[in-house]
Amino acid sequence: REALVSLKNYLTKYPNGSRLSQAYFYEAECLKMTSSIEAAADAYHQVMLIGEGSFSELATLNYANLCLVLEKNQEAVLAYETLSSIAKLDNNRQLAEVGKMRAYFRAGNAAKALACAERVRKLETGAEIRVPLFIDEGEMIFDDDDPMYDDEEGVVRLVYNGGN
């Protein structure tokens, strides 16, 4: 809490300070730890808007992820698209593709979600990532080779239920 107070004081006292992006980033980290998710997202977004320094890439990823949690799906799409264009780290480029797939699906854009799924399928991440074969009536349909397979018909259905 003391760190958060100090950061807020810095941001108030030096609204054009040379360490503005760092201050917003650490403010967001503190807010996230106190479960102030909406305020944390706003602070990460400030870092994105400043758009400079090493904090920008990670702030964009964190903002996108929090937008999904907050069900701000269009903002998540835009943030993941931004991350795709600015990411210097391979891992963040991969996370951007997976995030875009999820965000487009949640935003109701099946065609773009599936296009992202095709790109994700081609990624060499070393991690197991569930990628749908197709989307039908708001459900992602997976094949029977998927580790989550449990359906007698040979598919697994993952239904987005609004975060519940």
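Only a predicted model underlies this, so the values are computations on that prediction, with no experimental measurement involved.

Rules behind the numbers
Residues numbered from 1 in each chain as written. Predicted model: local features only at pLDDT ≥ 70, side-chain atom pairs only at ≥ 80, totals over all residues. Heavy atoms only, no water. Core = buried A, V, L, I, M, F, W, Y, C linked by side-chain atoms within 4.5 Å. Buried < 20%, exposed > 50% of the residue type's maximum accessible area, 1.4 Å probe, protein only. Helix = DSSP H or I, 4+ residues; strand = E, 2+ residues; numbered from the N terminus. Contact = heavy atoms within 4.5 Å. Phe/Tyr/Trp six-rings, centres within 6.5 Å; stacked < 30°, edge-to-face > 60°. Salt bridge = Lys/Arg side-chain N within 4 Å of Asp/Glu carboxyl O. Axes fitted to C-alpha atoms, helices over the stretch in contact; angles between N-to-C directions. Parallel < 35°, antiparallel > 145°, perpendicular 65-115°, else oblique. Left-handed = near helix turned anticlockwise from the far one by under 90°. Nonpolar A, V, L, I, M, F, W, Y, C, P; charged D, E, K, R; others polar.

J.: Help me understand the nonpolar core in this model?
T.: As a rule of thumb, soluble globular proteins bury nonpolar side chains together. Core analysis: the biggest nonpolar cluster contains 38 residues, and Phe25, Tyr44, Val47, Tyr63, Ala76, Tyr80 and Ala103 have the highest contact counts within it. For this core, the elements supplying multiple residues, two or more each, are α1 (2-13), α2 (20-33), α3 (37-50), α4 (55-69), α5 (73-86), α6 (90-106) and α7 (110-121). Per element, the largest residue contribution to this core is eight residues, and it comes from α4. Setting aside residues no more than four positions away along its own chain, Ala76 makes contact with Ala64, Cys67, Leu68 and Ala103.

J.: Would you mind showing me how to read unusual backbone geometry here?
T.: A positive phi angle, close to 65°, is found at Ser35, a residue other than glycine. If you check the backbone angles, Glu71 has positive phi at about 60° while not being a glycine. Structurally, Glu71 is set in the loop between α4 and α5. By relative accessible area, which is 40% here, Glu71 ends up partly exposed.

J.: Teacher, can you tell me more about the packing of aromatic side chains here?
T.: Here a ring pair, both rings aromatic, is described through the centre-centre distance and the interplanar angle of the planes. Within this structure, the stated rule accounts for five aromatic pairs. Judged by centre distance (5.5 Å) and plane angle (85°), the ring pair of Phe25 and Tyr26 falls under edge-to-face. Ring geometry for Phe25 against Tyr44: centres 5.8 Å apart, planes inclined by 65°, an arrangement best described as edge-to-face. Of the two residues, Phe25 is situated in helix α2 and Tyr44 in helix α3; the sequence distance between them amounts to 19 residues. We classify Phe25 as buried; its relative accessible area is 6%. Given the relative accessible area of 0%, Tyr44 is considered buried. Every member of this aromatic cluster is reached through a ring pair, and the members are Phe25, Tyr26, Tyr44 and Phe55.

J.: What exactly am I supposed to notice about the pattern of salt bridges here?
T.: Side chains bearing opposite charge may pair, as long as their charged atoms lie close to each other. For the structure shown, the criterion picks out seven salt bridges. Among the salt bridges present, the one from Glu29 reaches Lys32, with a minimum N-O distance of 3.7 Å. Here the residue Glu29 and the residue Lys32 both occupy positions in helix α2, the gap between them amounting to three residues, near one helical turn. The closest approach of N and O atoms between Asp90 and Arg93, which form a salt bridge, is 2.1 Å. One end of the pair is Asp90 and the other is Arg93, both in helix α6 and three residues apart, which spans about a single turn. Within the structure, one salt-bridge network assembled from shared partners comprises Glu81, Glu97, Lys100 and Arg119.

J.: I tried to follow the packing of α2 against α3 on my own but got confused; where do I start?
T.: Between two packed helices, the angle of one axis relative to the other and the distance separating the axes together describe the packing. Packing of α2 against α3 leaves a shortest axis separation of 8 Å and a crossing angle of 160°. Between α2 and α3, the crossing angle belongs to the class labelled roughly antiparallel. Between α2 and α3 lies a crossing whose hand is left-handed. Together, Leu20, Ser21, Tyr24, Phe25, Glu27, Ala28, Glu29, Leu31 and Lys32 of α2 and Ile37, Ala39, Ala40, Ala43, Tyr44, Gln46, Val47 and Ile50 of α3 make up the contact between the two elements. Its residues placed into classes, the contact of α2 with α3 shows twelve nonpolar, two polar and three charged.

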